[in-house]
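The residues making up each chain are set out below.
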Amino acid sequence: EGSDVIPIAVVGFPHGQMTPVAKAFEAQDAISRGAREIDMVIHVSAVKSKHYILVLEDIQQVVKACGEIPVKVIIETALLTDDEKRRASELARRARAHFVKTSTGYAATGATLEDLRLMRASVSPGVKVKAADGR
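About the cut-offs
- Residues numbered from 1 in each chain as written.
- Predicted model: local features only at pLDDT ≥ 70, side-chain atom pairs only at ≥ 80, totals over all residues.
- Heavy atoms only, no water.
- Patch = residues over 30% accessible without salt bridge, like charges linked within 9 Å, V, L, I, M, F, W, Y side chains within 5 Å.
- Areas by Shrake-Rupley, 256 points an atom, 1.4 Å probe, with all protein chains shown as cover.
- Salt bridge = Lys/Arg side-chain N within 4 Å of Asp/Glu carboxyl O.
- Helix = DSSP H or I, 4+ residues; strand = E, 2+ residues; numbered from the N terminus.
- Buried < 20%, exposed > 50% of the residue type's maximum accessible area, 1.4 Å probe, protein only.
- Right-handed = clockwise from strand over helix to strand, strands pointing away.
- Pairing = 2+ DSSP bridges.
- Axes fitted to C-alpha atoms, helices over the stretch in contact; angles between N-to-C directions.
- Contact = heavy atoms within 4.5 Å.
- Core = buried A, V, L, I, M, F, W, Y, C linked by side-chain atoms within 4.5 Å.

> Looking at this structure, how should I read a nonpolar patch on the surface?
A grouping of Val-10, Phe-13 and Tyr-106 is seen on the molecular surface, where their side chains present a nonpolar patch of about 310 Å² in accessible area. In this structure, Phe-13 sits in the loop between β1 (8-11) and α1 (20-32).

If you want it as structure tokens, here you go:
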């Protein structure tokens, strides 16, 4: 409080493998404790398994739980194919997330210029793209 630092919480770390309701609760709890932005890890296994309805619902639940609080959807690009990255970015856009983000920093690699270009091309201009690299 009294600082210009924005408190951010990450939900669903590290692979997003929880129910949409649990992830939404985690986001609400973080907001009630002072988080002013939420980074959510996409359900990596659901993306890999092409369970896109689950992925969309997951993101929508968190976005809804956050209200006006910005939501960044962490795609974890090091674990996905280009087609999966594209699909994940499109689903984040459809769910009305504010950002797509390349990684948590937990995987072996983070942002690449190619990933950023692919993600930018997969979302509308109103969705921001954030590069992250844990190395």
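> Help me out: how do you make sense of the pairing of strand β2 (residues 37-41) in this one?
Where a strand is regular, its side chains alternate between the two sheet faces. Judged by how many residues are buried, β2 sits mostly within the fold: 5 of 5 residues are covered. Neither face of β2 is left uncovered, since the one carrying Glu-37, Asp-39 and Val-41 and the one carrying Ile-38 and Met-40 both have all their residues buried. In the classification by handedness, the crossover that spans β1, the intervening α1 and the parallel β2 is right-handed. By the bridge criterion, 4 bridges tie β2 to strand β3 (residues 71-74) in an arrangement that is parallel. Bridging from a neighbouring strand, Met-40 pairs with Val-73 of β3.

> Help me understand the sheet that holds strand β4 (residues 99-101) in this model?
Two orientations exist for strands paired in a sheet by backbone hydrogen bonds: parallel and antiparallel. Strands sit in the order β1-β2-β3-β4-β5 across an open sheet of 5 strands; the sheet is parallel. The sheet is open, and its two borders are formed by β1 and β5 (128-130), each paired with just one other strand. Taking each pair of neighbouring strands and ignoring which way they run, the sheet shows an average axis angle of 25°. Relative to the sheet, helix α3 (residues 52-66) contacts β2 and β3, its axis offset from that of β2 by approximately 165°.

> Honestly, the nonpolar core in this entry has me stumped. Any pointers?
For soluble globular proteins, the rule of thumb is that nonpolar side chains tend to be buried together. Ile-38, Ile-42, Ile-59, Cys-66, Val-73 and Ile-75 are the most contacted members of the largest nonpolar core, which has 33 residues in total. Elements with a contribution of two residues or more to this core: β1, α1, β2, α2 (44-48), α3, β3 and α4 (82-94). Looking at which element gives the most residues to this core, the answer is α3, with 7 residues. Those residues in contact with Ile-38, other than ones at most four positions away along the chain, are Ala-9, Val-11, Ala-27, Ala-30, Ile-31, Val-62, Cys-66, Ile-69, Pro-70, Val-71 and Lys-72.

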